[in-house]
Amino acid sequence: MATADPAAPTPVQVIDDRQQTVSLAAPAERIISLAPHITELLFAVGAGNRIVGTVSFSDYPAAAADIPRIGSYKQLDMESILALKPDLVVAWSSGNVQAQVERLARLGLPVYYNDPEDFEQLALALERLGTLAGRAPQGREAAEDFRRDLRALEAQYGDRPRVTVFYQIWDRPLMTLNDQHLISRAIEICGGHNLFGDLEALVPRLDREVVLAADPEAILGGGMGEDSPHWIEEWRRWPTLTATARDNLFFIPPSLLQRATPRILEGTRQVCEALETARTRRPEATE
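Rules behind the numbers
Residues numbered from 1 in each chain as written. Predicted model: local features only at pLDDT ≥ 70, side-chain atom pairs only at ≥ 80, totals over all residues. Heavy atoms only, no water. Salt bridge = Lys/Arg side-chain N within 4 Å of Asp/Glu carboxyl O. Helix = DSSP H or I, 4+ residues; strand = E, 2+ residues; numbered from the N terminus. Buried < 20%, exposed > 50% of the residue type's maximum accessible area, 1.4 Å probe, protein only. Core = buried A, V, L, I, M, F, W, Y, C linked by side-chain atoms within 4.5 Å. Contact = heavy atoms within 4.5 Å. Disulfide = S-S within 2.5 Å.

Enquirer: For the pattern of salt bridges, give the residues involved together with the corresponding values.
Expert: Scanning all chains against the criterion turns up 19 salt bridges. Glu188 is the salt-bridge partner of Arg185, the closest N and O atoms lying 3.5 Å from each other. One end of the pair, Arg185, and the other, Glu188, are both in helix α6 (residues 182-189), three residues apart, so they sit about a helical turn from each other. Owing to a relative accessible area of 27%, Arg185 belongs among the partly exposed residues under this scheme. Overlapping salt bridges bring together Glu120, Glu127, Glu144 and Arg147 as one network.

Structure (structure tokens):
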């Protein structure tokens, strides 16, 4: 009687964030990551040692520094990618150059698109990437830890009095995020309201006068680096602005909030603590 070969590879199949089916004959052993947050997600599910190439600014965890670079998230080195002979490419839908990723797919490389719009999609990404990399148990564990910690934040802050918020992602030009972005969901969990969440563009550009007219109770700022709090300090030039008058100008390290990884919960916690501080600085709170 014929028996199954215990050494035969096990096919894996998942759905990506574009609702496309990604099928592999066996779990991926040579993965290309096309964004810093994707590199971090792969490490989070125990698949960091399977990443053979990644992009610039992939700096977390520390072991990511040893991975060969294949360009930046918006300008890939196609020859370097092909030379690494990957069996899976994990792409960033809204960040990578679509034509380059499509070319990789036409050359026969399996592509998984990652771009979570809410926290549940982020948890699912942990499960799915774990499956693709042969780390399904680690992926499920990471996802459940994430969901548990998220529920705790929602229970603690979700029903707190609302605080109007302007989130600044860039300085010149002045840029924010609408409600389709994960950061708006973080603000919402903390009892905040993104004043520009209804704008059509995912990353709207604003005139400073528009922000001044909206008069947010709190201003939160990030940026490209971990040491850019001077962006927030510039708002002190408008002392009648409510956020300035009450000293509700808060810097959140961008790596904790602007990357869709499990660390976003730490960034969300910092947002929650900032908005709680803003509540204590309301005139009625000091009476």
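Enquirer: I'd like a rundown of the nonpolar core, residues and numbers included.
Expert: A general trend in soluble globular proteins is that nonpolar side chains are found buried together. Tyr112 and Phe119 are the most contacted members of the largest nonpolar core, which totals 57 residues. Once residues within four sequence positions are removed from consideration, Phe119 is found in contact with Phe146, Leu150, Leu182, Arg185, Ala186, Ile189, Ile264, Leu265 and Thr268. Core analysis: the second largest hydrophobic core is formed by 16 residues, Leu34, Val55, Leu76 and Ile81 among them.

Enquirer: I'd like to hear about the state of the cysteines, residue by residue, with values.
Expert: Simply put, the disulfide is a covalent bond whose two ends are the sulfur atoms of two cysteines. The tally for this structure, following the rule as stated, stands at one disulfide. Disulfide pairing places Cys190 opposite Cys272 at an S-S distance of 2.0 Å. Measuring the twist about the S-S bond at about -80°, one finds the Cys190-Cys272 disulfide to be left-handed. Residue Cys190 is found in the loop between α6 and β10 (192-194), and its partner Cys272 is found in helix α10 (residues 264-280); the two are separated by 82 residues along the sequence. Cys272 carries the same exposure label as Cys190, and that label is buried.

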